[in-house]
Structures are given as structure tokens and as C-alpha cells.
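Residue-level listing of the chains:
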Amino acid sequence: MSNLFLFDVDGTLAESTQKIEDSNLKILHELSKNNTICLISGGTYPKLISQIGKQNEHIFEYIFSENGLVTYQKGKLIEKNNIKDKLTENEIQEVINTCLDYIIKLKIPYKRGRFINFRNSMIYVSPTGSDVTLEERNNFADYDQIHNIRKNMIQYLTNKFSKKFNLEIKLGGQIGIAIHPINWDKTFCLKFINLNKYQDVFFFGDRITPDGNDYSLYSQENIIGHGVKNSKHTFDILKQLMNNI
């Protein structure tokens, strides 16, 4: 029996929003020869393709974009869900307006543009805005570690909307917050996979605390979870595993 490897992308296979290094793609190519490998990310499908390169898509059995709510198998779209089917327009606008009102009052190192990214499966919110430069992104991430900007915002939004609209609110990526219906977390991808087909199932992710969007998969009893600090850490572990399987 072969093994199944599920990989988060930002902070796990690559630096946030950046391309996977060619040397690491070679390792993934080698891994895929005798194992099934998949991507599972809160990011959109076009973003993930830009990070792996379209020419490398074939090595992944599934690309579970937006937590698997938009799923591609070998480059073919097989399922797409939309948060607009779960929330009314008034409810969506109430969530977005509340987020923007909260951000307006924040005093943080940077505020740029694209504070709200409305995706198919989630509302992705960035207190500093997704238009920050890479240097600004990294600086805000460090600032956030100390001052808990996102965690405090998550607590506020959870108290306001979790029960009211049946929403789950988690840390997403390096600078964002993911807001989505309950059960639309990364375990959604498991509906497409028969785990009994595999000898072992491994998951790699960097947001593995209970308030992180990788926790739901990392904490599954039938999955061997690896919490990582960055892509180097991921591939160091992966190389060791490849020597033993």
C-alpha cells in the first residue's frame, strides 16, 4: 500500500504567497512516484497554481483549494461550493461591515489595500490588507505574534457571529483571518478520499493550534500530523520520511 501526503501551502511548502522552490518541487515529484500527494489550502485555485506552476499540477492527485470547497482532481474541477448559498446578502454585508469597522479602529504598523477578499467558500480578512509588500507582510506577522492583533479580532468576531450565523473564524495564512460556515474547514477534503486505501496518511501544516486553520486536519486521529515552522522544516521532515517508507 502507498501513503497519502496532504500539504498546506503557505508557510508549509512555500513562504506565504511565494512560489515553491524548484529544489523542493523536485522532492515532491520524487515523492509522487510511489505515493499520492495533495494540496489543501485556504487559498484560491489560481493562487495555488501560481505557486506550484501549471506544469507541476499533474503530480498532485487533488488540489483542495479554499479548504476543499473548490476541488480539482488532476486539473479538472469536480466540486465548487459558495458561501452565498449559506448566508444572505444582508448577513454577508453585516460580517464585512463589522470587520471593516474593527479594522478602521486598529492602530497597527501598516494598512494598505484589499482588507476583504471574498472567496467562494470564505470571507478572508486581513487587518493590514493583502496589498502589503513582502517586507511589510513579514513585519506585520512579527508584530502580530507579540500583540495578538488577529487573535483578538477573531475573539471579537467569534462572539458576534459564531452562533448568530453558524460561522467558524480561524487564523488563515500569515496575515489573515478565515471566516466560513462551520464544518467548511480543511477536513471537508476528506469526503473525496478513502483513507483506508493508504498505509499511512500524513498532513503537514504550520497553523496547528486550535485557533489555526490547519488544526482540524492535524488533530485527526487517523492522520499523522506534522506541525512545521517553515518550508525548510517541512522538507527536512519529508526527506527523513522518504528514507523510511
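Everything here concerns the structure above.
## Some words on the overall build of the chain
Part 1 of the argument: Helix and strand content of the chain: seven helices and eleven strands.
Part 2 of the argument: Taken over the C-alpha trace, the chain has a radius of gyration of 18 Å; the compact-globule value for 245 residues is 18 Å, and the two agree within 12%.
Part 3 of the argument: Dimensions of the chain, computed from C-alpha atoms along their principal axes, come out at roughly 50 × 35 × 30 Å.
Part 4 of the argument: By residue count, 55% of the 245 residues in the chain fall in the buried class.
Part 5 of the argument: By element, 45% of the accessible surface of the chain is carried by carbon and sulfur atoms, the whole surface being about 11700 Å².
Part 6 of the argument: Mean positive and mean negative side-chain charge positions of the chain (30 and 28 charges, respectively) differ by 2 Å.

## Overview of the sheet that holds strand β3 (residues 62-65)
Part 1 of the argument: Ordered by their spatial adjacency, seven strands build an open sheet running β5-β4-β3-β2-β1-β10-β11, and the pairing between neighbours is mixed. Sheet topology places β5 (76-80) and β11 (224-227) at the edges, where each strand pairs with a single neighbour. Each neighbouring strand pair of the sheet contributes to a mean axis angle of 20 degrees, computed without reference to strand direction.
Part 2 of the argument: With four bridges joining them, strand β1 (residues 4-7) and strand β2 (residues 36-40) adopt parallel strand pairing. By the bridge assignment, Phe 5 is partnered in β2 with Ile 37.

## Comments concerning the environment of Asn 159
Part 1 of the argument: Relative to the elements of secondary structure, Asn 159 occurs in helix α5 (residues 149-165).
Part 2 of the argument: Of note is the side chain of Asn 159, whose polar atom sits 3.0 Å from the side chain of Gln 155.

## Considering the layout of surface pockets
Part 1 of the argument: Of the volumes computed, that of the largest pocket is approximately 890 Å³.
Part 2 of the argument: In terms of lining residues, the largest pocket is bounded by 45 residues, among which Asp 10, Ser 16, Arg 137, Gly 173 and Gln 174 are the most central.
Part 3 of the argument: For the lining of the largest pocket, the per-class residue count stands at ten nonpolar, 19 polar and 16 charged.
Part 4 of the argument: If you add up the space inside the second largest pocket, you get close to 190 Å³.
Part 5 of the argument: Asp 144, Gln 145, Asn 148, Arg 150, Lys 151, Leu 171, Asp 206, Arg 207, Ile 208, Thr 209, Asp 211 and Gly 212 together form the lining of the second largest pocket.
Part 6 of the argument: Only α4 (134-147) and α5 provide two or more residues apiece to the lining of the second largest pocket.

## Quick notes on the side chain of Asp 144
Part 1 of the argument: Locating Asp 144 in the fold gives a position in helix α4.
Part 2 of the argument: A residue is classified by how much of its surface remains accessible, and Asp 144, at 7% relative accessible area, is buried.
Part 3 of the argument: The residues contacting Asp 144, other than those within four sequence positions of it, are Ile 149 and Arg 150.

## Considering the pairing of β5
Part 1 of the argument: Note: strand β4 (residues 70-73) against β5, four bridges, orientation antiparallel. Looking across to β5, one finds that Tyr 72 is bridged to Leu 77.
Part 2 of the argument: Connecting β4 to the antiparallel partner β5 that follows it, the hairpin turn spans two residues, and Lys 74 within it adopts a positive phi of roughly 50 degrees.

About the thresholds
Residues numbered from 1 in each chain as written. Predicted model: local features only at pLDDT ≥ 70, side-chain atom pairs only at ≥ 80, totals over all residues. Heavy atoms only, no water. Helix = DSSP H or I, 4+ residues; strand = E, 2+ residues; numbered from the N terminus. Rg over C-alpha atoms; globule rule 2.2 N^0.38 Å. Buried < 20%, exposed > 50% of the residue type's maximum accessible area, 1.4 Å probe, protein only. Areas by Shrake-Rupley, 256 points an atom, 1.4 Å probe, with all protein chains shown as cover. Lys, Arg positive; Asp, Glu negative; His and termini not counted. Charge placed at Lys NZ, Arg CZ, Asp CG, Glu CD. Pairing = 2+ DSSP bridges. Axes fitted to C-alpha atoms, helices over the stretch in contact; angles between N-to-C directions. Polar contact = N/O pair within 3.5 Å; in protein donor to acceptor, adjacent residues only side chain to side chain. 1 Å grid on protein atoms, 1.4 Å probe; cavity = no way out; pocket = protein on both sides within 12 Å on 5 of 7 lines; lining within 4 Å. Points joined across faces, edges and corners; volume = space filled by probe spheres on them. Nonpolar A, V, L, I, M, F, W, Y, C, P; charged D, E, K, R; others polar. Contact = heavy atoms within 4.5 Å.

Everything listed here is a matter of geometry and, on its own, says nothing about what the molecule does.
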